[in-house]
Structure formats: C-alpha cells, structure tokens
Amino acid sequence: MVYLSATNVSKAFGEETLFENVSFHVEEHDKIGLVGANGAGKTTLFKMIIGQMEPDTGGVYVNRDAIGYMEQYACLDDGRTVLEEALSGFWKFHRMEEELHSLTAALDKAGDDAGLIERQQFLTEQYAAQGGLTYQSRVRAALLGLGFAPEDLERPLFSLSGGQRSKVSLARLLTCDAKLLLLDEPTNHLDIRSVGWLEDFLKAYDGAYLVISHDRYFLDQVTKKTFELEHGHLRMYGGGYSEYLLRKQEDREVLQHQYDSQMREIKRIEGIIAQQRQWNREKNIKTAESKQKMVDRLRGQLVKPEAELSAIRFAFNVLPGGGNDVLLAEELSKRFGEKKLFEHAKLHIRNGERVFLLGENGCGKTTLLRIITGQLPSDSGFLRLGVGIKAGYYDQNLEGLNYDKDVIHEVWDKYPQMTQTQVRNALAVFLFTGDDVFKPMRALSGGERARVALLKLMLSKANFLLLDEPTNHLDIASREALESALLGYEGTLLMVSHDRYFINKLADRVLVMKENGIEECIGNYDDYLAREEARPKCEEAVQKAVPKKQNDYQRRKELESQKRRTAGQRNRTETAIEETEAQIEQLQEAMASPQVSADYNKILELTGQLDETKQKLDGLYEQWEQLEEQLRELEEMDA
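Residues numbered from 1 in each chain as written. Predicted model: local features only at pLDDT ≥ 70, side-chain atom pairs only at ≥ 80, totals over all residues. Heavy atoms only, no water.

Naming follows an unreviewed UniProt entry, where the chain appears as ABC-F family ATP-binding cassette domain-containing protein of Solibaculum intestinale.

## As for the overall build of the chain
The criterion, for reference: Only runs of H or I of at least four residues qualify as helices and only runs of E of at least two qualify as strands under DSSP, and these elements are numbered from the N terminus. Taken over C-alpha atoms, the radius of gyration is set against a globule rule of 2.2 Å times the number of residues to the power 0.38. Categorising residues by exposure relies on relative accessible area from a 1.4 Å probe, with only protein chains included: less than 20% of the type maximum marks a residue as buried, more than 50% marks it as exposed, and the intermediate range marks it as partly exposed. Here the open area of atoms and residues is found with the Shrake-Rupley method and a 1.4 Å probe, where only the protein chains shown may cover a residue. Charged-residue counts in this description rest on Lys and Arg as positive and Asp and Glu as negative, His and the chain ends being excluded. The atoms used to mark charge sites are NZ of Lys, CZ of Arg, CG of Asp and CD of Glu.
Scanning the chain from N- to C-terminus turns up 20 helices and 18 strands. At 35 Å, the chain has a C-alpha radius of gyration far larger than the 26 Å of a compact globule built from 639 residues. Seen through its C-alpha atoms, the chain measures out along the principal axes to roughly 110 × 100 × 65 Å. Considering the chain as a whole, with its 639 residues, one finds that 43% of them fall into the buried category. Surface exposure of the chain reaches about 34100 Å², of which carbon and sulfur atoms provide 48%. The average position of the 82 basic charges and that of the 104 acidic charges among the side chains of the chain differ by 4 Å.

## Looking at the packing of aromatic side chains
As a reminder of what qualifies: The aromatic pairing rule takes the rings of Phe, Tyr and Trp, using the six-membered ring of Trp, and pairs them if the centres are within 6.5 Å, calling planes under 30 degrees apart stacked, those over 60 edge-to-face and the rest tilted.
Inspection of every chain in the model, using the stated rule, returns 15 aromatic pairs. With a centroid separation of 5.6 Å and an interplanar angle of 85°, the aromatic rings of Phe356 and Phe502 are classed as edge-to-face. Of this pair, Phe356 sits in strand 12 (residues 354-358) while Phe502 sits in helix 16 (residues 500-506), and the two are 146 residues apart along the sequence. With respect to burial, Phe356 and Phe502 carry one shared label: buried. Here Tyr525 and Tyr528 contribute two aromatic rings whose centre-to-centre distance is 6.0 Å and whose plane-to-plane angle is 55°, an arrangement assigned as tilted. Here Tyr525 pairs with Tyr528, and both are found in helix 17 (residues 525-545), just 3 residues apart, close to one helical turn.

## Let's talk about the sheet that holds strand 16 (residues 492-496)
This is how the line gets drawn: Think of it this way: DSSP has to see at least two bridges between two strands before they count as a pair. Only the stretch in contact is used when a helix axis is fitted, and all axes are lines through C-alpha atoms; the angle between N-to-C directions ranges over 0 to 180 degrees. Any two residues having at least one pair of non-hydrogen atoms within 4.5 Å are treated as being in contact.
The strand order 14-15-16-12-17-18 describes an open sheet built from 6 strands, whose pairing is mixed. Each of the sheet's edge strands pairs with one partner strand only, and the pair in question is strand 14 (391-394) and strand 18 (517-522). Within the sheet, the average angular offset between the axes of one strand and its neighbour, ignoring direction, is 20°. The pairing of strand 15 (residues 464-468) with strand 16 spans 5 bridges and is classified as parallel. For Leu465, the partnering residue across the bridge sits in strand 16 and is Leu493. Relative to the sheet, helix 11 (residues 365-372) contacts strand 12, strand 14, strand 15, strand 16, strand 17 (509-514) and strand 18, its axis offset from that of strand 15 by approximately 150°.

## Comments concerning the sheet that holds strand 4 (residues 57-62)
With antiparallel pairing, the 3 strands of this open sheet are ordered in space as 2-1-4. What marks the edges here is a single partner per strand, and that holds for strand 2 (16-27) and strand 4. The sheet shows a mean angle of 15° between the axes of neighbouring strands, taken without regard to direction. The sheet contact formed by strand 1 (residues 2-13) and strand 2 spans 8 bridges and is antiparallel. Counterpart to Ser5 in the pairing with strand 2 is His25.

## Focus on helix 13 (residues 420-429)
Rules: By definition, the arc is the one covered by directions from the helix axis to the C-beta atoms.
Every buried residue belonging to helix 13 is among Val423, Ala426 and Leu427, and all of these are buried. Viewed along the axis of helix 13, the buried residues span an arc of 100°, placing them on a single side of the element. Looking one or two residues beyond helix 13, the residue adopting positive phi is Leu431, at roughly 70°.

## Quick notes on the pairing of strand 3 (residues 31-35)
A large share of strand 3 lies buried, amounting to 5 of its 5 residues. Burial of the side chains of strand 3 extends over both faces: Lys31, Gly33 and Val35 are buried on one face and Ile32 and Leu34 on the other. Two elements, strand 3 and strand 7 (residues 208-212), share 4 bridges in a ladder whose sense is parallel. Note that in strand 7 the partner of Ile32 across the bridge is Leu210. Where strand 3 meets strand 8 (residues 225-230), 4 bridges bridge the pair, whose relative direction is parallel. Residue pairing for strand 8: Val35 is matched across the bridge by Glu228.

## Topic: the side chain of Ser497
So the rule is basically this: Polar contact criterion, stated in full: a pair of N or O atoms within 3.5 Å, where within protein one must be able to donate a hydrogen and the other to accept it, and residues adjacent in sequence count only if both atoms are side-chain atoms.
Structurally, Ser497 can be placed in the loop between strand 16 and helix 16. A distance of 2.9 Å separates the side chain of Ser497 from the backbone nitrogen of Asp499, its partner in a polar contact. Not counting residues up to four positions away in its chain, the partners in contact with Ser497 are Ile192, Phe356, Leu357, Leu358, Glu469, Thr471, Phe502 and Ile503.

## So, the pattern of salt bridges
The test is simple: Salt bridges are counted wherever a side-chain nitrogen of Lys or Arg sits within 4 Å of a carboxyl oxygen of Asp or Glu.
Within this structure, the stated rule accounts for 33 salt bridges. For Arg509, the salt bridge identified is with Glu353, shortest N-O distance 2.8 Å. Separated by 156 residues along the polypeptide, Arg509 in strand 17 and Glu353 in the loop between strand 11 (339-350) and strand 12 bring together distant segments of the chain. Assigned by exposure class, Arg509 and Glu353 land together as buried. Notably, a salt bridge pairs Asp436 with Lys439, separated by 4.0 Å at the nearest N-O pair. We classify Asp436 as partly exposed; its relative accessible area is 26%.

## Some thoughts on the packing of helix 9 (residues 241-279) against helix 10 (residues 282-301)
Going by this rule: Put simply, angles under 35 degrees are roughly parallel, angles over 145 are roughly antiparallel, angles from 65 to 115 are roughly perpendicular, and the rest are oblique. By definition, any crossing whose near helix is turned counterclockwise from its far helix by less than a right angle is left-handed, and any crossing with a clockwise turn is right-handed. Polarity classes work like this: nonpolar for Ala, Val, Leu, Ile, Met, Phe, Trp, Tyr, Cys and Pro, charged for Asp, Glu, Lys and Arg, and polar for all others, with Gly in that last group.
At a minimum axis separation of 9 Å, helix 9 and helix 10 run at an interaxial angle of 160°. Considered as vectors, helix 9 and helix 10 are oriented roughly antiparallel to each other. Remark: the crossing between helix 9 and helix 10 carries left-handed chirality. Taking contact as the criterion, the partners of Gln262, Glu265, Ile266, Ile269, Glu270, Ile272, Ile273, Gln276, Arg277 and Trp279 in helix 9 are, on helix 10, Asn284, Thr287, Ala288, Lys291, Gln292, Met294, Val295, Leu298, Arg299 and Gln301. Each residue belonging to the contact of helix 9 with helix 10 can be placed in one class, and the counts come to 9 nonpolar, 6 polar and 5 charged.

Following this line, the structure appears as structure tokens:
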C-alpha cells in the first residue's frame, strides 16, 4: 500500500530554486531517512506533504488522516500539563469516555433501558478493541522513555524548556494512530539513553516513517532506505546512512569514470577535426563536419559529475608546549540548592588524548566543563591544569556570541591584531563569503552561529579544547569536516556529545558521569556499549559462583577450599610439565646418539614418541593456563 507519493514537485523562493522534479513514494512499512545539507529543502518538503505549503509544480498525494507530523519547534498548549498535552491527540477516546460517562449517568436515572444498554455495550467493545484500555499507559511509558521523571508528568508546559517541549510533542506523535510518521530531527534534545529508547520504539513500529536527521548513528539504526536532497534533486538509495555513503561514492566514481572517458574521446576526435581542416580539401572538410557531428552528439550525452557541496575546512593550530598531564582533578562535587549533581568526580586527562564525557541529561556534564574552565567554582575537591596548557571552550548554548554585532566584527573584535583581509579569508573558510560577512549575528541560523563560534575557537590556538555538543546545529557535511579536523588536531580534547557516530570516530576513552563519580571505558562508544551489555552477565556469573543466601563466613570458607583445590591442581600440573619436559630432553638426546641415529627404525619409533610427548606438553600448558586464570578469578572474588 502506498501512503504517500510525490510527482515532479518543484519549489523556488524568488530566483533561487530549492529543488525541482522531485518524485518518490512511501509504502507500508517503509523506514526512510531524508538527508541533505542545511537549506536543501527537507523541512519544506515535509510542509508540502502535510499541506502547509504548496509546490510550484507537480503534486503530492497523501491521505492526511494517516499522517503524524513532528516539527522541529513544537507549539504546545501552555495551559496543559505534560501528560495532558501528550494525551491530547487521543480525542476519539476522550469522546468515547465522555459518552460512556453520560450513558452510565443516564442508566442510573432511567434504569434498564435496552437502547442505552446496547449503546453502552457497543461503545465499551469499540473502546477496548481500538486500544482505549492501554493508550494512557502507552503515553506514560513514552514520556518516561524520553527522559521525563514520573513527577514531571504533572508539570505545566509553560515551565518546560524548549527541549522538554519537543519531547512532549514527540511522545504525542509516537503514540498516535498514524500510519505514516514524519519526524523532523527527533533526536534533538535527547540524551543517549532516550535516543536508544526511541530507536527501539521505531524498530518495533509497524507503520512507515520518513525521518529527517543529522544523527548518522541513529539513521543507521532505524532506516532501511535513504533519500538525499542535494543540488536541487532527490536521489534514492537502499540501506541506512553508512550504506548510502558507500553507494553514493560508488555512483560518483562510475559517473566520473564515464565522464573522463567521454572527454578523452571528444578530445581525440577534436584532434582529428583540427587535422582534417588543416588539409583543407573537400574530402577532409566533409570528414571534419562528420566528426564534428559526433562531437556534438557526445557533448549532448555528457553528464558532468556534480561538484561536492561546500563544506567547512577546519584547521586547528595549537600553541607548542605543555606537559603530559593536561588536567588533574580529585573529589570534585557540585550541587545547586538541594539538588546534588555529582560528587567524588575524578579526572586525569593526558596530552594528546581524545576523551568523551557521557551521561544522562542533567547529570552535570556542562557544569563540570564550566568548573574546569573556571566559569563556576566546585563545592569541593582539587583541580589543576598542566603547565603551558591553554584551554578553549565551545559552549553549546553559544552564549559567548554578541548578537548586536555583524559576523565580521564578532570575529575581528576578538582578534584585533588580524587585518580585515585575514578575517575575511578566515570567514570564507567557514562559508561566509561576500556580503554574508556583514549579516547581523541575530539574523543567522543555528548552524551559522555555530560556525562563527567554531571559527573563533580555531583562531585561539588553544592546546586543550573543551567542546560541549559541538555537532549540534551542524549538518552532516559540516560534522564530517569537524571530525576530520579534530582527527588531525595535535592538542588534547575533552568533549561532551550525544552524537554516537562522532564519538566512534574520535574517542580514545569514554568517561561516564554518575551521581557518585566517573566511570572509565577505554575505546569508543561501541566499546562502552559492549561493556555495558556484558555487565549483567558478569554480575550474574558472580552471583551464581557465590549464592547470595550464604553468609560471609560460609562464602569465604568455600572460596578458600576452592582456591586450595585449584592451587593443588595447578601445582600438580606444573610437576607434570617438568616431568614431560625432562622426557622430551631424554628422547632428543637418545635420537642424537650415534647408535640410534644410524638405526632408521629406531629413529621412527623415537620420533613418534617425541611427537606424542610434545602434544602432551601442549595440553599440560593449556591446562595450567586455565587453572591459573581460575585461581586469579577466585583471588579477585575474595578481595
């Protein structure tokens, strides 16, 4: 079943064509990611689908009653609570509940009215069959999965942040009866745990969805097709984001090869034409004209590969110097009033490391970065930056920008030693060219403001960068450019991010903030995830080895007994190894003696014995390693 189809859709704003001749369809159970640079027209296309905007040409055909749409910036009813707003889409159940309540009241007055009883029974059955008995629990589960605490459900909407309001809108959308979901940046404002919940929800979702996202890890998890809006055209690829990248590169290479081959053929024929015209005879002129027709035909068929989109070209220069210890911190804690954010936080960041700080929203990650940069005091503990370390801080809220300035003076006033030409050249690297440099800061998009903040940071030459959600507001191309630059950065990095693709690309270590300290995991996000998935199995194994019901004395007694048995087996194995090695030496000496070396049959016999003895020795070594590992585990359990 086709839920949505678009045919030859085009849209322009003034003289700028956003996209043209866009055609696609969405079928039942399709899981599609829509990608493209900021400004490519993705949200505009969504607005055409839901009827908020009309295309200039072509048409969009859709059953709008089957669509659920989440905007990036949700407009909610401030008079409601969180739970009331999330439940507001279930008006059909609300009407049923009101009618059932009225029927109950009428039956109390009228007694046994057959018509009322029949209507009540019919409505009760419909209410149950359509999910009326479970919709409230589903909505509550969605709100809790997206990061709301149970007590938050009764909070009025006017008290929520923009990110929390978006979560309410998302919960309302996910639990509605729509057959096709249109999701515009649904992972914005979600922490990693909430994004994981959303991924699990969408994987189990029975309908279709079209999702705009710059979260590449998320797209890989939940999409099976990819639509790309680029250079005003829409192209379709099978697979999630990573597969789309591979296929796009393959298509580009094939197209480039075809283009290069055709250009070589055109140049070869043009050389023949030039030669024939030089001879200037009637036959040569006819040949030249014939060849020119071939060239014209080839040029008409020529498909030139589209240029790569402009992307930020980062290059972070750093101040020389600085020792191995970039940051040392012990027993840091912070609370605001009665709310404790964290305590016992310990950090040791070394020169050249790329470290990511993870944790749920509200656990204090940004606060910790501000303590490190001196913007906030800690309540307790010790913190020291290494000698020769200059820290640079990227604030996810972009509070360091002055919105009363234009773009060029926002940068120039920070670095007055630079010439105007140098500043304009630097801005051009960050895609601010021509009159763009005179745009007022307050008129910029979120992505443009982020680029200005990153440029200011790049020019600081800091050798220790603290980045708080640096990929927020950036499109995919800009995120990849930032990754490339940070991979080549020679300083030290401490970053907060929910972008798991970004973490996987860069992380040497992952630090996870907890209320009572910081846990460390060597490696990237996938390594951390694997460790977390293995943790319950390890705990279960320990519990099986030492049942909870046993008291401490019994536990230690059994452990000591098991340690003695294992140590005895290990010692006996060591003795067997020594004896076997001695046997091997004896066999080798016997084979080297003159009497045996001259006896072919005896050599064969001893060779067979030697092989058997070496195999026995290999088995004994393997047994010893297993016993040694068991003994080590028992020692750790007894520690």
